[in-house]
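A closer look at the structure
So the chains spell out like this:
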Amino acid sequence: MKKTDLKALLDEMSLEEKVMQLVQLPGDTFGNDAAVTGLSNSGIPENVKRLAGSTLGVWGADKIKKIQKEYMDKHPHHIPLMFMLDVIHGHKTVFPCPLGLGATFEPEVAEKGAEVQAKEASADGVHVTFSPMGDLVRDARWGRVVESTGEDKFLNGKMVAAMVKGYQGDDIKDSDHVASCVKHFAAYGGAEAGRDYNNVELSEHTLREQYLPSYAEGIKAGARMVMTSFNTLNGIPSSGNKWLMRDILRKEMGFDGVLISDWAAIAEMQNWGFAETLKDASRLAMEAGVDIDMCTECYSGNLKELVESGQVNMELLDEAVMRVLELKNDLGLFEDPYHGASEEKSRKVSLTPESREAARDAVRKSLVLLKNKREALPLKVSKIAFIGPYADEKEMRSSWAISSDSSTAVTIKEAAQKRYEKSDVKVKFAKGCEMLDNNTELGFFTFKKDDLDNENNKLLSQALEVAEWADEVVLCLGEHFSQSGESTSRVNLSLSDAQMRLFEEVRKKGKKITTLIFTGRPLVLDDIEAKSDALMICFRPGTEGGNGILDVISGDYSPSGKLPMSFPYCVGQEPIHYDRYNTGRPKPTEGATIFTSRYLDCPNEPKFCFGYGLTYSDFTVSAVSLSKDKLTKGDEIKASVTVKNTGKVTATEVVQLYIRDMFGSRVRPLRELKGFEKVELKAGESKTVEFGITEDMLRFFTINNVFESEKGKFIAFIGFDSETDNGIEFELV
Ligand code: GLC
């Protein structure tokens, strides 16, 4: 529809119709088997059902087409309903969770995943996905780190932009693409104490330097929607934060798309004590520029009266409604309310060999090898035992893969049997124990099994028999898929007691041990690491988990993943991140540490740092050389190293550029990631890797409260993780 026609439509709409365009209803309003990912509402008034502008949590082409037809027939102006869904890392083909995608250090992999997900979801009738999450995360106690690409703003920015492009393509009218929604604006990952929905206290410079950039990259990439976050930012709930939404998001970042609240976030301003009534909350949200109220009766129950009484002016309402209508128009819904969806298309494009191969490639690249001694990996022995709750577990998704079916996943056991069936390698499997201990609190239930001890004893003895038989054991351990995700904050980041017992008992057999960890967050793995010969993080690998993991542990592919988040020695270190400050009393690496910034009972550094990960080969990096050591504005320094594969096999390293600003009008982090490049080299091969350093890369939020660079000394580090000391000084003059 032409813009002028859209304006004409707006002018024809009644006040009630306009208000209801800003209302989103839970999917079960329209179909009882919709996924309800938040507090569901029942007893929704008929006029709201008839006029609401959008819904969420529904998928399935025929179901959606039926709902759409009935809805539009009843709507006075036949305006199409918009269907939204959380397609976070998979609709039918589930890719590694975003934290695993971050570990690939390959935005193209994230883009490809988003493309596959968009095609599958759009064929199923979905118009908008509530993804990508741009939240920077530094606290592993927060269960939603699983949905983020990690602790670094530069890496997150690249990943978020790539996913927006993958979801949206060049034109969201195209029926293989959907509109994307960058969330949760803003700084949800900074929740106090790692507890979900909590307050966030941030200085403006930390907010601007660390937490906002990845959202900005998503908006620059053209994201059509942004979602408000549940948290308060320095005492102001995001859904009522005019400064954050109008000054930062719309004016500074230039976002002109639709701003949707998170589920019930407008109403929850009452719980926060920020709004006295739901009417106040509605007014505050409208003033902040929140266009859509997700799943409460705030807008539907108060906005009409607020406008009629002049507490909210009609212009604000018209602006919001026009943004919603424009999104529907840009999706082509006025011409094709079904956006090309059909059951036949869904069957044709879902879980295809190509999408499975793309997912399998993503799994391979997401795996992070943290230790490999006694040549435990790749597996070379003739009798392998796969033991543990993940040895034959289909559920390798994150808890945010609601529209997929874990039965389509390939388990470790299935992949191993297939891989070794025509070889003289023998494989055996044993569960070893239940994944969880009794009374483990999960998202929607508490795990409890009456005869759990007997069950575990039985499973353990079977496992020990298999371990006795094997030459090498692959332990497949990890957290339950419901132990990370929304509202799953934890203060204990260890594996269950049953799994630790299994680990210890199997270890007594004295065989080589490779431990695979399935997790949505960093865990405390001190003991596991010390007593495993090899240790690999598999995150939540999704549909092709078994195949991707076997491709790597069998040696067909070398691992290349790098940690997107620091793994601590203990939970007491959280939040922990690599771009920390030196402090006035830095703890020396040797000698006395009294009266320095330290713990008495734990190192300051994480056990495994951001950017760390091994391959099956060995790499060296030369000293950094610079094209010159003085940089002026508008100029560029070339920083280069020679990387050499000194090992015996082809492998891929991730060469990382970090820069430290030695002095500033605000203290500066010890280093910040400014570039990365993946390099695949054959045994013995070398390559020169070059990074350009320009003045804009050195800008930060200075004491003048603007982003600018300051002259002075810097160090450029180039290496294979965030603790590299391979650096060289240069100066900005
Ligand atoms: C949830 C989540 C948000 C999700 C929304 C819709 O509460 O916070 O990430 O997109 O509701 O399901």
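Quick look at the structure, then.

Glancing now at the packing of aromatic side chains. Across all of its chains, the model carries 15 aromatic pairs by this definition. An angle of 85 degrees between the planes, with centres 5.9 Å apart, marks the rings of Phe 154 and Phe 676 as edge-to-face. Taken together, the positions of Phe 154 in helix H7 (residues 153-168) and Phe 676 in strand S24 (residues 672-681) put the pair 522 residues apart, joining distant regions of the chain. Residue classification places Phe 154 among the partly exposed residues on the basis of a relative accessible area of 26%. Note on Phe 701 and Phe 707: the rings are 5.6 Å apart at their centroids and 55 degrees apart in plane angle, and the pair reads as tilted. Of the residues examined, Phe 707 reaches a relative accessible area of 42% and is grouped as partly exposed. Among the aromatic residues, those joined into a cluster by ring pairs are Phe 105, Phe 154, Tyr 578, Phe 610, Tyr 658 and Phe 676.

What follows concerns the side chain of Thr 55. Here Thr 55 shows up in strand S2 (residues 54-56). Within polar-contact distance, the side chain of Thr 55 engages the backbone oxygen of Leu 25 at 2.8 Å. Once residues within four sequence positions are removed from consideration, Thr 55 is found in contact with Gln 24, Leu 25, Pro 26, Gly 27, Phe 30, Leu 81, Met 82, Phe 83 and Met 84.

Before going further, it helps to examine the packing of helix H16 (residues 412-420) against helix H20 (residues 545-553). Where H16 contacts H20, the two axes come as close as 7 Å, and the packing angle between them is 50 degrees. The pairing of H16 with H20 is recorded here as oblique in orientation. H16 and H20 meet at a crossing whose hand is right-handed. Packed against H16, whose contacting residues are Ile 412, Ala 415, Ala 416, Arg 419 and Tyr 420, the element H20 presents Gly 546, Asn 547, Ile 549 and Leu 550 at the interface.

Note: strands within a sheet are paired through backbone hydrogen bonds, in either parallel or antiparallel orientation. With mixed pairing, 6 strands are arranged side by side in an open sheet as S11-S18-S17-S16-S12-S13. The two strands at the open ends of the sheet, each matched to only one other strand, are strand S11 (368-372) and strand S13 (426-430). Put simply, the sheet's adjacent strands are angled 15 degrees from each other on average, direction ignored. Here strand S12 (residues 383-387) pairs with S13 via 5 bridges, running parallel. When the sheet's bridge partners are listed, Ile 387 is paired in S13 with Ala 430.

Let's shift gears to unusual backbone geometry. The omega torsion across Phe 185 and Ala 186 is 5 degrees, close enough to zero to call that bond cis. Examined against the element boundaries, Ala 186 turns out to sit in the loop between strand S5 (179-185) and helix H8 (204-211). Note the cis peptide between Glu 574 and Pro 575, where omega equals -5 degrees. By secondary structure assignment, the location of Pro 575 is in the loop between H20 and strand S19 (619-621). For His 78, which is not a glycine, the phi torsion comes out positive at approximately 55 degrees. Among the secondary structure elements, His 78 is positioned in the loop between helix H4 (61-74) and strand S3 (82-85).

Read across the open sheet, the 5 strands follow the order S21-S29-S28-S23-S24; overall the sheet is mixed. Of all strands in the sheet, those bounded by a partner on one side alone are strand S21 (630-631) and S24. Pairing of strand S23 (residues 651-661) with S24 involves 9 bridges; the strand directions are antiparallel. Opposite Ile 659, over in S24, you have Glu 672 as the bridge partner.

On to the packing of helix H10 (residues 242-252) against helix H11 (residues 278-288), then. Axis separation between H10 and H11 bottoms out at 8 Å; the angle between their running directions is 15 degrees. With respect to H11, the axis of H10 lies roughly parallel. In the crossing of H10 with H11, the sense of the turn from one axis to the other is right-handed. On H11, the residues touching Lys 242, Met 245 and Arg 246 of H10 are Met 286, Glu 287 and Ala 288. Residues belonging to the contact of H10 with H11 are distributed by class as follows: 3 nonpolar, no polar and 3 charged.

All told, the structure shown has 0 disulfides when counted by the stated rule. Cysteine Cys 298 remains unbridged, with the sulfur of Cys 295 as its closest cysteine sulfur at 11 Å. Take Cys 298: its relative accessible area is 0%, and that puts it in the buried class.

Before going further, it helps to spend a moment on the pattern of salt bridges. According to the stated counting rule, one finds 64 salt bridges in the structure shown. Residue Glu 544 pairs with Arg 356 through a salt bridge whose shortest N-O separation is 2.6 Å. Placement of Glu 544 in the loop between strand S18 (534-539) and H20 and of Arg 356 in helix H15 (residues 353-366) is noted, with a sequence separation of 188 residues between them. Overlapping salt bridges, with partners in common, bring together Glu 106, Glu 357, Arg 360, Asp 361, Arg 364, Lys 365, Asp 551 and Lys 678 in one network.

Here we take up the nonpolar core. Within the largest apolar cluster, 133 residues are counted, with the highest numbers of intra-cluster contacts made by Phe 185, Tyr 299 and Ile 387. When residues of this core are assigned to their parent elements, the largest contribution, 8 residues, is made by helix H13 (residues 314-330). Summarising the domain contributions, this core has at least three residues from each of domain 1 (1-82 + 247-351) and domain 2 (375-573). Counting 37 residues, the second largest nonpolar core, distinct from the first, contains Leu 379, Ala 416, Val 552 and Ile 553.

With that settled, the discussion passes to the pairing of S11. Sheet faces and side chains relate simply in a regular strand, where the side chains alternate between the two faces. For S11, the tally of buried residues reaches 4 of 5 residues, placing the bulk of the element in the interior. As paired strands, S11 and S18 are joined by 4 bridges and run antiparallel to one another. Of the residues in S18, the one forming a bridge with Lys 371 is Leu 535.

A word on the environment of Gln 417. Secondary-structure assignment places Gln 417 in helix H16. Expressed as a C-alpha distance, the spacing of Gln 417 and Glu 677, which sit 260 residues apart in the sequence, is 35 Å.

Parameters and conventions
Residues numbered from 1 in each chain as written. Predicted model: local features only at pLDDT ≥ 70, side-chain atom pairs only at ≥ 80, totals over all residues. Heavy atoms only, no water. Phe/Tyr/Trp six-rings, centres within 6.5 Å; stacked < 30°, edge-to-face > 60°. Helix = DSSP H or I, 4+ residues; strand = E, 2+ residues; numbered from the N terminus. Buried < 20%, exposed > 50% of the residue type's maximum accessible area, 1.4 Å probe, protein only. Polar contact = N/O pair within 3.5 Å; in protein donor to acceptor, adjacent residues only side chain to side chain. Contact = heavy atoms within 4.5 Å. Axes fitted to C-alpha atoms, helices over the stretch in contact; angles between N-to-C directions. Parallel < 35°, antiparallel > 145°, perpendicular 65-115°, else oblique. Left-handed = near helix turned anticlockwise from the far one by under 90°. Pairing = 2+ DSSP bridges. Nonpolar A, V, L, I, M, F, W, Y, C, P; charged D, E, K, R; others polar. Disulfide = S-S within 2.5 Å. Salt bridge = Lys/Arg side-chain N within 4 Å of Asp/Glu carboxyl O. Core = buried A, V, L, I, M, F, W, Y, C linked by side-chain atoms within 4.5 Å. Domains from an automatic or database assignment.

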